[in-house]
Structures are given as structure tokens and as C-alpha cells.
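# What the coordinates show
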Amino acid sequence: MANSKIALIYQRLVSLQEELKERNINLQVMDGGNYETLPEKLTELCVKNHVTHVYCNAEYEWDERQRDASVKNSLNKMDVAFATFHDTCLVKPTEIMNLKNEPYKVFTPYFKRWLEMTLRQLPGVPEKCSANDTGLKHSEDDNQYIESLISKTNRVGTGDSDAPNWPATASEITKKMNGFIIEFSPDYPKNRDIPSIEGTSKISPYLSIGALSPRQCLFHVLQEYGEDALSPEHGAYTWVKEIAWRDFYRYVMFHFPHVSRGLPFQKHYQYFKWENNQQHFDAWKAGETGYPIVDAAMIALKQTGWMHNRLRMIVASFYCKHLLLPWKWAEDYFMSQLIDGDYASNNGGWQWSASVGTDAAPYFRIFNPTTQSERFDPQGEFIKTWLPQLAHLSPKQVHEPSKHCDVQRLGYALPIVEHKASVARTKAQFKGFLAAL
Ligand code: FAD
């Protein structure tokens, strides 16, 4: 887990403690040690405090499932009830199956079902509070409490600072989400691909630590726009679809546990020969590949713990298809750096990029990092923010500086691989592998 993510969890706990104190609730934080020691420590804590029920959200990774089975066993022996919920997803993984009662393996039919289920399961969406109704409504119901907190927040813009900013109080977090939804740009489907603008919500860190739930996201979209938001013509539809992708990767992890045990979804790819080239791996991590869009993204990740989705796709494609490096190494590296590190989404993203997962990009569809750069960072604004040695280059030069100037004199790297040759090698490698199956 990235240090930035650990810091966010601690900050959130500190805020939560304050927020609970106002309601005369005392928050205790226990260090459970590792997954082997946790069941016993938690049981001891419950017995000591006369706790009769333990509630938590289910986690779907293999080790976490084993851990929770031990926790349940240990608690039940001491007559403590243990109940899990499925609120890290909008739809519980077992509730969406195809006509043969098997889990879906591709996103589109899953998403269709997901939308139907989601609409059916959502609680009624209340009328919006008027602008001056800022008082908290007293309620015993936790959901209502959260909702009244949210409606208390002011309308804000999405990104008021260039530097990623991760507030940790409940009101700031819901304000961030709500602000994005309220100010929702109909151009989201287009803007979400441009790294130099604040075109996405940046709420993934909060979803990943459980400080926000996908239910809250959908609830507020519906509250703001009604069910229109769920028709493909509406700008918010694409955003809701992204939330569904998050659910889908959890769903895959639940139904196909091998993906969280180091194996590709398409199991035969476990025998694929990736290149264990440590030098290339180091250059990729350090942002020294000679491909500016890749390097700027990797440097930004290291310095901020954040990476834009389009850039994740570009650096991952370059890593898997130009360098042919093992996707598992990169999956681990991303988890160690990302403030929103989320096992299922990260694993799904890497398996997709390596063409070994569900809905995987076909192996022969390979991003050209230079044209991606020209398309999604046309003026080179993002690149120049993180690679100041290229700041004086023109928009034409900045995407492929080695073609236009002596990059070493600028203090920048020469390309570590040549685009066309790498693509040809990768295609041949995949083709040969599949032919030999
Ligand atoms: P928005 O565009 O505002 O989307 C709203 C929410 O939808 C996000 O917060 C996120 O929860 C969900 N979402 C959006 N895109 C995706 C997606 N492609 N897959 C799954 N959920 C999505 N996301 C993580 O949360 N944690 C990760 O560790 C992670 N690793 C990734 C690794 C790779 C190689 C790739 C290609 C993608 C990865 N993603 C991961 C998905 C995506 O990049 C981030 O969710 C997104 O950039 C978060 O930004 P946002 O909150 O502004 O998104």
C-alpha cells in the first residue's frame, strides 16, 4: 500500500474520531497485526468490551476471504455474531448472473443487468433540499445522516488547485463528490481523457478507503438529474458506467478467485514469456524511457501518488506491449504508489492492458505513445509540467523530442526502444504463443 494511501486512511480516522465525538461515540482503532493474528485480536477486543455483533463490508480478494472466514469462526466461538455487507459495490456479486446462471465474463451484458438491478435496489430518491435548508435533520438512520450531511454542502467547482488535494473530513469529501456531480460537464466523456484539465471527479481515493460508497455516487447523480442520467445521451451516463466498471472488477475477483492469486483471467497466459528486463523496468519507473508522455506520467505518479486514467492506459500499454515486461511487476508497483490503489481495479486495469483479462484489448491493438500524446496532450501542457527540460519545445517537437533535437543535451533520455520494432516483436510473440496452444 502506498504511503499516500496510508496517510489518507490515518487522516480520515482522525476526522472520523472528531465527527463521532460530536455524537458521543468513541472511536477505538486497533492494529490487528497480520491476517493470521487478526481473528484472535479482534475476538479479544470484543470479549473485553462485551461486544455482541461485528459488522463489516466484504472484501473479495482471496486472502481477505480466508481472513474473514477465520474471523467469523473465532467470533462465533465466543458467541459474537458476524455479519458482512456488500456495500463496496452497488450490486452484490452473486446477484448478477447470465441466463445460464453463470457469471458474466464481459462487461457490456453485465452492465446492462447492473443498470436494471441498480435502479431496482436504490432507495427512493428524495426531493433535493432547498439551498437554505442547511440544518442536519436528526435521524437514527445512518444513511439519512450521511445524506443530510451531503445536502448541507455548498456547490463547488471540481478542481480549484493544480496540486492534487485530498481533504479527509466527511463534509469535505462529500462536497468534492457532490461538487463534481452538480457542476457535471456534459463534456465529461471527452474531458475525461485530457490529463491537463480537471475533467474527472478524483474521488477514487475515497472509494478505495471506504470513505465514500458507490451507492452515494449514484444516489446523488439520480438526485441531481433523475433517471435521465442513466440514458446514454446524458453526460453522466459515462460516469455511472465508470462506477459500474469498478463494480465489475470486484465481481470478476469474486467469481474468478484465481485473478487475485497471481494468475491472469485467461489462464493460458500464465505461460506467456514476458521479458524480465530489470533495466527497462527501472527506466519505466523512473520516467526515463525517452517517451515524454510516459515519462511525465510516471514522474507525476511518484511525486503525487496520482495518475490520470488516460495516462494509466498509456503507460500500461507501453509497459506491456513496447517493453513486454511482466504485468505483475507493474501491478505491484502501481499499488505501492497510488493513493487510490485498489486491488480489483488495478488488477483489472493491468490485465486489460496486457490483453490477458476480461474484455482484454486484443493483443494487436497497441497504443502508439506518440500519437496518444499528440491527441490527449496536444500542446504538451502535461508533459512540460513534469519534464521542465522540454518546456521550450514547440507542440510539434514535444511529443517526440529525439526526432527534433539532441535530447541528451537537454538532459532527457533517448528512447529505450523503437516504436515500430517493438510493436512488430510483440505481435509476433503473441501470435506465436497463441499458435502453439
Ligand atoms: P472518474 O472518471 O471521476 O470516475 C469515477 C469513478 O469510477 C472512479 O473514482 C473509479 O472508482 C471508477 N472508475 C473510473 N474508471 C475506472 C476504470 N477504468 N476501472 C475501474 N473503475 C473505474 N482505479 C482505482 O480506483 N484504483 C486503482 O488502483 C486503479 N488502477 C488502475 C490501473 C490501470 C493500469 C488502469 C488502466 C486503471 C486503473 N484504475 C484504478 C482505474 C481508473 O484509472 C481510476 O479509477 C480513475 O483514474 C480514477 O479517477 P477519478 O476518480 O477521477 O475517476
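Residues numbered from 1 in each chain as written. Predicted model: local features only at pLDDT ≥ 70, side-chain atom pairs only at ≥ 80, totals over all residues.

## Here we look at the domain arrangement of the protein
- Along its sequence, the protein is organised into domain 1 (3–88), domain 2 (107–255) and domain 3 (261–435).
- At the junction of the two partners, domain 2 supplies 17 residues and domain 3 supplies 20 residues.
- Of all the secondary structure elements, the ones that give two or more residues to the side of domain 2 that touches domain 3 are helix H8 (204–209) and helix H10 (235–255).
- Of the residues that constitute the side of domain 2 that touches domain 3, the class distribution is nine nonpolar, four polar and four charged. (Domains from an automatic or database assignment. Contact = placed C-beta atoms within 7 Å. Helix = DSSP H or I, 4+ residues; strand = E, 2+ residues; numbered from the N terminus. Nonpolar A, V, L, I, M, F, W, Y, C, P; charged D, E, K, R; others polar.)

## Comments concerning the site of the ligand
- Around the ligand sit 28 residues, and of these Thr200, Ser201, Ser204, Asn346 and Gly349 come closest.
- Every element with two or more residues in the shell around the ligand is listed here: H8, H10, helix H13 (309–322) and helix H15 (343–353).
- Examining the composition of the shell around the ligand, we find that six residues originate from one element, H10, more than from any other.
- Its residues assigned to classes, the shell around the ligand comprises eleven nonpolar, ten polar and seven charged. (Near = placed C-beta within 6 Å.)

## Focus on the pairing of strand E1 (residues 53–57)
- Little of E1 sits inside the fold, with zero of its five residues counted as buried.
- The pairing of E1 with strand E2 (residues 81–85) spans five bridges and is parallel. Directly across from cysteine 56, in E2, lies its bridge partner threonine 84.
- Crossover connection from E1 via helix H3 (residues 62–77) to parallel E2: handedness right-handed. (Buried ≥ 20, exposed ≤ 12 C-beta atoms within 10 Å, placed from the backbone. Pairing = 2+ DSSP bridges. Right-handed = clockwise from strand over helix to strand, strands pointing away.)

## Examining the UniProt feature "domain: Photolyase/cryptochrome alpha/beta" (unreviewed entry) in the protein
- The feature "domain: Photolyase/cryptochrome alpha/beta" (unreviewed entry), as annotated in UniProt, sits at residues 1–90 in this numbering.
- Between the C-alpha atoms that bound residues 1–90 the distance is 24 Å, and the span itself is 51% helix and 11% strand. (UniProt positions renumbered as here; feature names shortened; annotations may be inferred.)

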